[in-house]
Every structure is written in structure tokens, then in C-alpha cells.
Amino acid sequence: MKVRLVTAGVGAAWEAALVQACQAGQVGAQVLHRCYDLGDLLAVAAAGQAEVAVVAAGTRWLDRDALARLAAAGLAVVGVAAAGDEDSERRLRQLGLLHVAFDSDPPDALVDRAHAALAAESDPAEEPPAPGEAPVLPDHEGVPVQPDGDGRRIVAAVWGPKGGPGRTTVAVNLAFEAAAGGGEVLLVDADTYGGAVAQTLGFLDDAPGLAWAARVAGRGELDALRLRQSVRRAAPRGPRVLPGLPRAELWTEVRPGTWEALLELFRIAFPVTVVDAGFCLEEDEELLYDQVRLRRNAVTRLAVQQADLVVAVARADPVGLHAFIRGYQELRDLGVPASRVRVVVNQLRPGMFGGDRPAEQVRAALSRYVGIEASAVVPYDREGFDAALLAGQALREACPGSPAQLVLARLAAVLFPAHAVQARRARRRRSRVAEHAAATAGSEP
């Protein structure tokens, strides 16, 4: 049975040769329509007659959203890159295409690719990494960089319900503590309702942020190396930061398919990624704009669903705990297992619960109503947090040794054990270097 094709690449030599071969009966395929642009291709796809789209890499406006719409219409897609053009091939693969051909391929090879795409087979030209194997990435000078620690790459989503439990504060300080040993850590502001990471860290100039990353990734032009080179470092020994949306109404820039691709890219590019997620887990109604489906809460929902760890932040007062208990049930309803959730109780004040041991009362309430134990209880360190906010720094920079900083440092060591080991080794190396320098200086005449 002949496979039904639709092409997007009128004027290209490969496309004309494919059409001629189909008309002559030389290959097991038939071309139902030859599309001049992406709009024409999407219209033909909506008709539901074709099975496979063979699309030139240079098709204008070809991005992840267009491919998602083709997939929703039931079309498999084969991308055709220019022979010898590595950038063209890389872009198609970064768009998520598993089946890529070249414009120098004969018609029968293109049809074979179409059959493979229709059968949902993997592309033999794209060798997947071995299970559990962490990729080796080049640094800014092109030198291969091995992954830190034991090679395990972690995406941690920091979530909390409405009411200001301190998600951003916890996310920022966990990222700084994880980066203290010199490892590469990425801090992502993914709050579509009003991110504040850039303001918390005192970023005065514009830097590539989430909207930029979403646009570039949507076009298939963002890879791990470019991401590492583009995001700025918050401090000499701090994490790299991908700021959030400059205005809340720009949430439509981050579409679900692109955000999923970004989460995977973060995992590839950085050993540890800390995502400051929004508060709302509600499955909001899809908005249809120019045939593109948009969901504002999809960013938060996907972040907690795909993260390796979810740091759930609760505010330590009756209103905050009530909101957390309700929100925690929504978190579980999304399919997030309790084994991946670490609860952090934030802003604990001594006189809030009218007893001598407020931390024990909070732990007892969480155990009674939701059956979980708090991994950390962060005290209400107003002086330390005020100093850090005024300086645009994390606690370990502005107030090292403060009560909240010590708790968050211990929590980071538990959440990111490989990086805690690395930090201890780095401190020991610095100590030995300092001792050697002191001894050398003392022996000089």
C-alpha cells in the first residue's frame, strides 16, 4: 500500500524528484499535495488525508508549535536538511524530529524515511545515549566538561501554594548553596504570574530570560552549549540564572511543548537545575489563539510532574498551613509521588502557635493532616533576609552563618549530595592551598 505524502519544499530539487518518482510509480508513495508554505501545509494536515509530511528545513515559521499541530492532525514528519549543513540538521533534531533526511537523498530513500516515520521507528542515525550515561558537554572554550559528582543530573522544582510562602527565597538560596562547591547550577524563574528572581538578586540590566529561551528553543536554535554561554552568573561562586518573564502578560511566550523541551535541555546542560515554579496547579482552560493552544498553568504543572525533586514550601502559620494542605492534595492529584516531595516549612516565628516548641507543633500538624514529615523548618530570620534583599544577594553571601542560612545549607546538602561532597572537597583543597602558602611564606628569609 502506498504511503500518502504531502510535501513542503516547492522549488527544491529533491521535492521535484520525489514527485516525479511518485508519478512514475517508481516508489511506494503518492504525493497528495505540494505546499508552498507552512500555512498551506497546516491546512492540508487539517483535512486528514495525508499520512506523512516531508518538510524542508528552510520552511518559514517551522517551529515546535507547528510540528505539534501536525502531530495533532495525525501526520508523521520527515525533515529534509541541506547536505553538509550541520546547522540545518541540528536545528531539525532540536525541534524534536527523529527522522531527518538530506536533499541529496534519492526519492526511494526519502520514501523509506517516510515509512519509518509512519511506523514510529527510531532513527538509526541518531544514537541514543546509554542508559544512565550523562552527556559530556563542551565549555565556552570547546573543551569537554565531565558532569559533576556521580553524574546524576537533577531538576528540582520549588513549589508552594498561594499566600507568599517564600518559594523564590527558598529557590534562590538552595541554588546558591548547591553552587557553593563550584559546580554548575542553573536557577530558572518559571513563575508565569510574576517571577521575582531577577529583582531578588538585584539584576539591573536585561539578560536573556525565559521568554528568550522559549522563542529560541521553539525555533530549534537553542542547544546546551548556547544555553550555558547565554545565561549570566549571579555571583563569582553562584549559580547561573535564567530570569523570568519581564511582564506577566508574556506568559503566552512559553508554550507547553517548548517548556517540556526546555526542561530536558536544562537537565542536559547543567548537573543541577532549580526551577522557581508558580503557585497554581489548576488545569486551566485552553485558550485558542491563531490555532495555537495555550495554557498558563502548564508551566508549573509540567515542572512538578517532570522534576526529580519537588521542594514544597509551606508558610508556618495557620493560614499558610491550611493553604499548603489543600495545595499538597492538588500536587498529589497530578501524579507526583510523595517520595519525590520534600516539604520545607518557612518563616517559623516563636510565638505563632503559643507554645515553647512551635516546630514540633508544625510537624505534628503536617503528619496528622497529610501524613508527611517536613525535611526542614526555616526560622523567621528577618534580619538576615532583609540584609540579603537589600544587597541583592543570597544569605550565604550577605549573612553567612545566620539561622536560616544554616538550615538551607543543610537542606541543600541533603537534596544534592553529590554537590555537597564536591563542596567539601573544594573547601579542603582551598584549605590545603592556604596552609601551603602560609608555610611557604613563613620559610622565606
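What you are looking at is a predicted structure, and each value in this text was computed from that prediction instead of being measured.

Go over the overall build of the chain with me, naming the residues and quoting the values.
Looking only at helices and strands, the chain features 17 helices and 17 strands. When each of the 445 residues of the chain is scored for burial, the buried share is 50%. Surface summary for the chain: the accessible area is close to 21,300 Å², and the carbon and sulfur share equals 50%.

Please provide a residue-by-residue account of the environment of A198, values included.
Position of A198 relative to the elements: it lies in helix α7 (residues 197-200). A sequence separation of 36 residues divides A198 from A234, and the C-alpha atoms of the two residues are 9.4 Å apart. Excluding residues that lie within four positions of it along the chain, A198 makes contacts with F203 and P243.

Report on the environment of V6, specifying residues and quantitative values.
Among the structural elements, V6 can be located in strand β1 (residues 3-8). Overall, the relative accessible area of 1% leaves V6 in the buried class. Separated by 13 residues in the primary sequence, V6 and V19 place their C-alpha atoms 9.9 Å from one another. Residues in contact with V6, not counting those within four places in the same chain, are H33, C35, L41, V44, A50, V52, A53, V54 and L75.

Describe the packing of helix α8 (residues 210-218) against helix α10 (residues 256-269), naming the residues involved and giving the relevant values.
One can describe the packing of α8 onto α10 by two numbers: an axis separation of 9 Å at closest approach and a directional angle of 100°. Viewed along their axes, α8 and α10 adopt a mutual orientation that is roughly perpendicular. Contacts between α8 and α10 involve L210, A213, A214, A217 and G218 from the first element and T258, W259 and L262 from the second. Residue classes in the contact of α8 with α10 are distributed as six nonpolar, two polar and no charged.

An account of the pairing of strand β8 (residues 154-159) is needed here, citing residue identities and associated values.
The element β8 is largely enclosed, with a buried count of six among its six residues. Neither face of β8 is left uncovered, since the one carrying I154, A156 and V158 and the one carrying V155, A157 and W159 both have all their residues buried.

Tell me about the pattern of salt bridges, residues and numbers included.
Per the stated rule, a full pass over the model turns up 19 salt bridges. Where D308 meets R267, a salt bridge forms, and the shortest distance between an N and an O atom there is 2.5 Å. With D308 in the loop between α11 (298-306) and β15 (309-315) and R267 in helix α10, this residue pair connects regions lying 41 residues apart in the sequence. For R267, a relative accessible area of 18% puts it in the buried group. Look at the salt bridges and you will find they share partners, linking E184, R233 and R240 into a network.

Tell me about the nonpolar core, and name the residues and values.
A general feature of soluble globular proteins is that nonpolar side chains tend to end up buried together. In terms of nonpolar packing, the biggest core is built from 56 residues, with W259, L262 and L366 touching the most fellow members. Those residues in contact with W259 that lie beyond four places of it in its chain are V188, A190, L210, V254, F266, V275, A298, V299, L302 and A303. Within the second largest apolar cluster, 38 residues are counted, among which are V158, L174, A178 and V197.

Hey, could you go over the sheet that holds strand β12 (residues 272-277) for me, with residue numbers and the actual values?
In spatial order, the strands read β10-β11-β9-β12-β8-β15-β16-β17; together these eight strands make up an open sheet with mixed pairing. With partners counted over all chains shown, the strands left at the sheet margins are β10 (232-233) and β17 (374-379), one partner each. Here strand β9 (residues 185-190) runs beside β12; their pairing, made up of six bridges, is parallel. Residue pairing across strands places L186 opposite T273, the latter belonging to β12.

Conventions adopted
Residues numbered from 1 in each chain as written. Predicted model: local features only at pLDDT ≥ 70, side-chain atom pairs only at ≥ 80, totals over all residues. Heavy atoms only, no water. Helix = DSSP H or I, 4+ residues; strand = E, 2+ residues; numbered from the N terminus. Buried < 20%, exposed > 50% of the residue type's maximum accessible area, 1.4 Å probe, protein only. Areas by Shrake-Rupley, 256 points an atom, 1.4 Å probe, with all protein chains shown as cover. Contact = heavy atoms within 4.5 Å. Axes fitted to C-alpha atoms, helices over the stretch in contact; angles between N-to-C directions. Parallel < 35°, antiparallel > 145°, perpendicular 65-115°, else oblique. Nonpolar A, V, L, I, M, F, W, Y, C, P; charged D, E, K, R; others polar. Salt bridge = Lys/Arg side-chain N within 4 Å of Asp/Glu carboxyl O. Core = buried A, V, L, I, M, F, W, Y, C linked by side-chain atoms within 4.5 Å. Pairing = 2+ DSSP bridges.

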